Amino acid sequence: MATDEPQTRLDPRYSDPQATATPWSEAEAQLREAELFWISTVRPDGRPHVTPLPAVWADGALHFCTGPEERKAKNLAASPHVVLTTGSNSWNKGCDLVVEGEAVRVSEDGRLREPAAAWEAKYGSFWHFEVRDGAFHHGGGPAFVFSVAPRTVFGFGKGEPFSQTRWRFE
């Protein structure tokens, strides 16, 4: 899990001269509060796959879930490399975040309880999961849970001043 402060760098090539690097604490707060993310995975034949999903920030990582037969679960079985993005569709305000990392399946019931509680706290009782047998259970069957500790995160500040901040984790 990403627990140390990342190396932070403002990229002057893509930032206004008066821009400053966004502090990691602000990006982390946005990851914690964002309701919708887009996940990009790679199909076994190399084609990309992108889909929206909810996710929670817990223990220094983004967590998402998917049914074992869903396309993203099949893609992750072949390659754990993922990109999760969040932000807004506005051009001139806000900050878009791009999180790069590897999706690691969390299958110990004890480690699943914190993200299960975080889902319900963030999204409400509709997202109540039972934890058992190394998965979340809710209605239609089991859902595998994956954790993505960020390796690199890019933040694109929109509006005056425009900026691009990169955070790298060891």
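By convention here, each chain's residues receive numbers from 1 onward along its written sequence. Since the coordinates come from a predicted model, pLDDT governs what is reported: local features require at least 70, and pairs of side-chain atoms require 80 or more to be given and counted, while whole-chain, interface and lining totals use all residues. Excluding hydrogens and water, the side-chain values take into account all heavy atoms of the structure.

Caption draft 1: Summary view of helix α1 (residues 24–33). Here the term buried applies to any residue with accessible area under 20% of the maximum for its type, exposed to any over 50%, and partly exposed to those in between, with areas from a 1.4 Å probe on protein chains only. Counting from the N terminus, the helices are DSSP H or I runs at least four residues long and the strands are E runs at least two residues long. Among all positions of α1, only Trp-24, Ala-27 and Leu-31 are buried. The arc that holds every buried residue of α1, seen down its axis, measures 65°, which confines them to one face. Among the exposed residues of α1, those pointing more than 90 degrees away from its buried face are Ser-25, Glu-26 and Glu-33. Note that the arc is defined by the directions from the helix axis to the C-beta atoms.

Caption draft 2: Quick peek at the nonpolar core. Counting residues in hydrophobic clusters, the biggest one holds 23 residues, and the most contacted among them are Trp-24, Leu-31, Phe-37, Leu-62, Phe-64 and Leu-84. Mapped by element, the contributors of at least two residues to this core are α1, β2 (37–42), β5 (61–66), β6 (81–86), β7 (95–106) and β10 (142–157). If you tally residues by element for this core, the top one is β7, at four residues. The criterion used for residue contact is that any of the two residues' heavy atoms lie within 4.5 Å. Apart from the residues lying within four places of it in its own chain, the contact partners of Phe-37 are Leu-31, Thr-51, Pro-52, Leu-53, Ala-55, Leu-62, Leu-84, Thr-85, Thr-86 and Lys-122. Throughout, nonpolar core names a set of buried Ala, Val, Leu, Ile, Met, Phe, Trp, Tyr and Cys residues whose side chains join them through atoms within 4.5 Å.

Caption draft 3: Expanded view of the environment of Phe-126. With respect to the helices and strands, Phe-126 occurs in the loop between α3 (109–123) and β8 (130–132). The exposure class of Phe-126 is exposed, given its relative accessible area of 56%. With twelve residues separating them along the chain, Phe-126 and His-138 place their C-alpha atoms 9.1 Å apart.

In short, the description is geometric, and any link to function would need to be established separately.
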